[in-house]
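Breakdown of the fold
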Amino acid sequence: MLPVMAQQSLDSSFRTTGTAVVAAFETQRQVLQTSSAVMLDGRKEIGYGVVISADGYVLTKASEITEVKNLSVTVDQTNYPTARVLLIDATWDVALLKIEASGLIPVVYAETSAIPQGSWVMANGATTRTNRRLLAGIVSAKIREITASGGAALGVTLSTKVKTLEIDEVSEKSGAHEAGLQKGDVVLSIDGKKLKTIEDIGEAIKDRKEGSIVKLTYRRNKEEKTVDVRLTARAEIFTEKMGPGGQMNRNDQMSGEFSNRRSGFPRVMQHDILGSRQVEGGPLLDIDGHCIGMNIARASRAENYAIPVEDLKEIAERMMKQAAGK
Amino acid sequence: MISLACRLATVMRTRLTCLLIALLPWSANAQDGRFYVNDKKAPDGRKDLEAIQKSLITVLPKARAATVCIEISEGSGSGVIVSADGLILTAAHVATGVRKKVTVILEDGTKLKAETLGVVADTDAAMIQITEKGSYPFVEIDRAESTRLGDWVFALGHSGGFDKERGSVVRLGRLVRMANSTFQSDCTLIGGDSGGPLFDLRGKLIGIHSRVGQQLQSNMHVPMREFIKSWDGLMKAEFIGEGPFAKKPEKGSGFLGLATETHKEGGLRVMKVGSKSPSEQAGIKEGDILLKLNDTVLAKREQLQDLLKEMAAGDEVKLELLRGGKPQTFTLNLGER
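Bear in mind the structure is a predicted one, so any value in this text is a computation, not a measurement.

Cut-offs used in this document
Residues numbered from 1 in each chain as written. Chains lettered and ligands numbered in written order. Predicted model: local features only at pLDDT ≥ 70, side-chain atom pairs only at ≥ 80, totals over all residues. Heavy atoms only, no water. Helix = DSSP H or I, 4+ residues; strand = E, 2+ residues; numbered from the N terminus. Buried < 20%, exposed > 50% of the residue type's maximum accessible area, 1.4 Å probe, protein only. Contact = heavy atoms within 4.5 Å. Areas by Shrake-Rupley, 256 points an atom, 1.4 Å probe, with all protein chains shown as cover. Lys, Arg positive; Asp, Glu negative; His and termini not counted. Charge placed at Lys NZ, Arg CZ, Asp CG, Glu CD. Core = buried A, V, L, I, M, F, W, Y, C linked by side-chain atoms within 4.5 Å. Phe/Tyr/Trp six-rings, centres within 6.5 Å; stacked < 30°, edge-to-face > 60°. Lys NZ or Arg CZ within 6 Å of the ring centre and 35° of its normal. Pairing = 2+ DSSP bridges. Salt bridge = Lys/Arg side-chain N within 4 Å of Asp/Glu carboxyl O. Polar contact = N/O pair within 3.5 Å; in protein donor to acceptor, adjacent residues only side chain to side chain. Disulfide = S-S within 2.5 Å. 1 Å grid on protein atoms, 1.4 Å probe; cavity = no way out; pocket = protein on both sides within 12 Å on 5 of 7 lines; lining within 4 Å. Points joined across faces, edges and corners; volume = space filled by probe spheres on them. Nonpolar A, V, L, I, M, F, W, Y, C, P; charged D, E, K, R; others polar.

Across its full length, chain B holds 7 helices and 21 strands. When the backbone C-alpha atoms are referred to their principal axes, chain B occupies close to 85 × 55 × 40 Å. By the burial criterion, 52% of the 337 residues in chain B qualify as buried. Across chain B, the fraction of contacts at a sequence separation of at least 24, relative to all contacts at a separation of at least 6, is 58%. Split by element, the accessible area of chain B, about 15,900 Å² in all, is 54% carbon and sulfur. Charge separation in chain B, taken as the distance between the mean sites of 46 positive and 41 negative side-chain charges, equals 2 Å.

Quick look at the structure:
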C-alpha cells in the first residue's frame, strides 16, 4: 500500500498540545480545575499556584508576583480579590499566599518524584475565566541542583572613590540588606579574614554557596560590628533577562520569554511541557493526577524546571508553620 | 486491479493487527507491526497514554546510551552511534566539514577521539567515526521508512552542551509534517541538540535534528532516507551537495605549518615546524627531509606551495621523508587557514 501523500501536515488539534490529544487527560484536568490557582494582575494572568489547604493557603512562584499591585487569585470558578503574601522563601523562589476561602480541594501529593524519565506529567496551560486548560509532557532529565548563574554574592556595591571597602549601595533583595548593612559601612573582614581589596571579598566567598551564612565585620561611625549575612544568588538580586555576560545567548534568543529567575534552585526535576513563561507556579501532576512537583521556571524553549514533591512538601510545611507563628 | 489489490491488503492487515493486539497487549515494541496508538488520530484515554509511556520508558535507556555529545572547535552538538565500532550519524552543520578532528562524549562522560566522514551540505546529513577501538552502544536505523504523519516520536540531545548531572534531555512529540528531505515534529529542540536522534516508539532511529523555527512546534529533522541515499559517499568522507548547511573548503585554504628550503641532495629540508600546526601534531620535526607529497616527488620549495594551492583544508596529505637518513611516512590532514 502506498503512503497517503495528500495529507502532509498534521491538523493542529492532533498535535501534542492540541485539543484532541489533551482530551485524553480530562481526569487530570479536573485536578487543575479545583486544585490549581490562577494568579491575576487585574485581568491579566501572570502565573499559577498550588492550593495546599482547604482554608486558602496557596504556594506560587515568588518572583513573578512580588511587584504586582492588584494581585487576585482564582480557584475553580471563584475569584478571590484579596490575596495576601504571607512569606517568601528566597532560596526556592516560593511565596506563601492566603486567600479568604473555605472548602477548597488541596492537591494530593505524589509519593515520590523519582518516576522514570519518559513518564507523563501535566501542568496548567492558558486559562479562561472559568476553565483551566492542561498541557502534557514528560519527565525529560535527571533530578539535580541548578546552581545560581553568576554564583553567590553579598549584594553590595562598593564605592570606587575611597580606598577602603566602603559600601555605596545595598541591593534590596540581598542578604546584606536583611543583615541591616547600609551605605557608608566599611567592610573589614569575612569569617575572621581581613579584607583589603574587592578581589579579597571575591576570594573569601568564591567557594561558598548561595544560602550559606558568612560572619561579616564592618565599621559604622567608628564602631565595629559583626553580623551574619546570607549569601544570595546573583540571580535573585539581579533579574536574569541577560546571561552572565550581559547578553542573551543564541539559545535564549530562540526561546521566547523565559522566567526572570531560572537558576539557583537546590533541586529540580525537568520536563518538556510546551508552555509559556506565564504558566509557572502551578502544580506538576503525574498520570494519577497527584502533585509530583511545582513548576518553578521556564529555562528555555525545551527545558522547564519543577520543585520535586519531597522538597515542595517540606517547603509547604515549614512556611505554614512560620506563618502560624507570626 | 491495483485499487482492489490495495483494498484486499488493507483488510488483511487490519485483521492481523487486531489479532496481534488481542494476543499481546504490549506488542508495542515488537520488531514488526506498528505501535497501535500511532494508528489512532489521538490517544483515547488512560490506556493509550500508558501504552505510549510504557513504550518510551522501555526503549529509552538503549537510545540514551547511544546518544553522544560532539565537541568541535566551533562549539558542541549531538549525534547517535549506529554501529558497534562507533559510526555516528549527525548533522552536517555540526560536522562542518570532512576529515575534521572532533571529540565524542558518551553518556557517562567518557571522551573519545573521532573524525568527521562525509557531509551532505544541502540536506544537513553527516557521519562521524570514533577512531578509538572499542565496542560501543548503538541503535538500529529504521530502514523500512515505516514512519507516518502523526506518529509518536521522541527526541534526545545534549541541549546547550554536555551536562553529566543532567544527562541528555528527552522530549516527546508527534510528527506534524513530512516532506521529502525534512520531518517536522513538536519535540522542542534548542542549540546543542543539533545532530541528535529522533526515534519512533520502538526505539528505531528515524531522523537527525537539524533546525528550529520560531514556533515551538517547528522542529526539523533529517529523515533516515537522506542518509541511506548518500550512505556510500558519506562513508568515503565525501563532501556532497552545495550549502547551506556546510561550506566546502576552498582551494588553497589548507596549510601544513612548515617552512622548508630546497635541499641540495634532493627533497626539501624542514627549517621550522609551526607550534600546534598539523605538521607538529603529526610528528614532523625540524631537519626532516621531505621527499614526496601524495606520491609527487618534491624538488623545489615552490613546488610544495603549488601543490597546496590545489588542495583545501581537511584534505589528507601523505608525506614521505628522511629522518636521520631513514625513510618514514606520515599522514595528516591540512589545517584551516
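With that settled, the discussion passes to the nonpolar core. Ranked by internal contacts, the top residues of the largest apolar core, which has 101 residues, are Trp 120 of chain A together with Leu 89, Phe 154 and Leu 205 of chain B. When residues of this core are assigned to their parent elements, the largest contribution, 8 residues, is made by helix 2 (residues 46-66) of chain B. In terms of nonpolar packing, the next biggest core, distinct from the first, is built from 19 residues, Ala 152, Val 170, Val 187 and Ile 190 of chain A among them.

Attention now goes to the packing of aromatic side chains. According to the stated counting rule, one finds 4 aromatic pairs over all chains in the structure shown. Ring centres of Phe 154 of chain B and Phe 199 of chain B lie 5.1 Å apart, and the angle between their planes is 25 degrees; on these two criteria the pair is classed as stacked. Linking Phe 154 of chain B in strand 7 (residues 152-157) with Phe 199 of chain B in strand 10 (residues 197-200), this pair joins segments that are 45 residues apart in sequence. Assigned by exposure class, Phe 154 of chain B and Phe 199 of chain B land together as buried. Ring pairs connect the aromatic residues Phe 25 and Trp 120 of chain A together with Trp 152 of chain B, which therefore count as one cluster. Lying across the ring of Tyr 57 of chain A, Lys 98 of chain A places its NZ or CZ 5.3 Å from the centre. Over the ring of Trp 231 of chain B we find Arg 143 of chain B, and its NZ or CZ is 5.4 Å from the ring centre.

All names here are of chain B. Side chains Pro 197 and Phe 199 of strand 10 all project onto a buried face; the interleaved residues Leu 198 and Asp 200 project onto the opposite face, where all are buried too. When strand 7 meets strand 10, the two strands line up antiparallel, connected through 3 bridges. Its bridge partner lying in strand 10, Phe 154 is registered against Phe 199. The pairing of strand 10 with strand 11 (residues 205-212) spans 3 bridges and is classified as antiparallel. Among the inter-strand pairings, Pro 197 is bridged to a residue of strand 11, identified as Ile 208. In this structure, the hairpin formed by strand 10 and strand 11 is closed by a connection of 4 residues, where Gly 203 is found at a positive phi of approximately 85 degrees.

Moving on, we come to the environment of Thr 164 of chain A. Residues and elements named next belong to chain A. As for its position among the elements, Thr 164 is in the loop between strand 12 (156-158) and strand 13 (167-170). Residue Thr 164 is classed as partly exposed on the basis of its relative accessible area, which comes to 38%. Between the alpha carbons of Thr 164 and Ile 198 there is a distance of 9.5 Å; along the sequence they are 34 residues apart.

Our next topic: unusual backbone geometry. You will see that Asp 76 of chain A, though not glycine, has its phi angle at about 55 degrees, which is positive. Secondary-structure assignment places Asp 76 of chain A in the loop between strand 4 (71-75) and strand 5 (78-80). Owing to a relative accessible area of 28%, Asp 76 of chain A belongs among the partly exposed residues under this scheme. The phi dihedral of Arg 99 of chain B is positive, around 55 degrees, even though this residue is not glycine. By the element assignment, Arg 99 of chain B lies in the loop between helix 3 (92-95) and strand 4 (101-105).

Contact with chain A, which involves 40 residues of that partner, is made by 50 residues of chain B. Scanning the region where chain A abuts chain B turns up 2 salt bridges. Close ionic contact of Arg 166 of chain B with Glu 303 of chain A constitutes a salt bridge, the shortest N to O distance being 3.3 Å. Where chain A touches chain B, the interface holds 17 residue pairs in polar contact (both at pLDDT 80 or more).

Moving on: the state of the cysteines. Residue and element names in this part refer to chain B. Per the stated rule, a full pass over the model turns up 0 disulfides over all chains. There is no disulfide at Cys 69, and the cysteine sulfur nearest it, in Cys 187, is 19 Å away. Residue classification places Cys 187 among the buried positions, given a relative accessible area of 0%.

Across all of its chains, the model carries 4 cavities of 30 Å³ or more by this definition. Approximately 70 Å³ is the volume found for the largest cavity. In terms of lining residues, the largest cavity is bounded by Arg 34, Phe 35, Asn 38, Ser 146, Thr 147, Asp 151, Asp 200, Leu 201 and Arg 202 of chain B. Taken as a whole, the second largest cavity spans an internal volume of roughly 40 Å³. In this structure, the second largest cavity is lined by Ala 123, His 271, Ile 273, Gly 275, Val 279, Glu 280, Asn 295 and Asn 304 of chain A. In the lining of the second largest cavity, the residues fall into 3 nonpolar, 4 polar and 1 charged.

The subject of this paragraph is the pattern of salt bridges. Residue and element names in this part refer to chain B. For the coordinates displayed, the defined rule picks out 32 salt bridges over all chains. The salt bridge involving Lys 101 is made with Glu 115; its shortest N-O contact spans 3.2 Å. One end of the pair, Lys 101, is in strand 4; the other, Glu 115, is in strand 5 (residues 111-120), with 14 residues separating them in the sequence. Of the charged contacts, one joins Glu 140 and Lys 204 as a salt bridge, the two residues approaching to 3.6 Å between their closest N and O atoms. With Glu 140 in the loop between strand 6 (125-130) and strand 7 and Lys 204 in the loop between strand 10 and strand 11, this residue pair connects regions lying 64 residues apart in the sequence. With relative accessibility at 40%, the residue Glu 140 sits in the partly exposed group. Judged by relative accessible area, which is 15%, Lys 204 ranks as buried.

Read these as layout, nothing more, since geometry by itself doesn't imply function.
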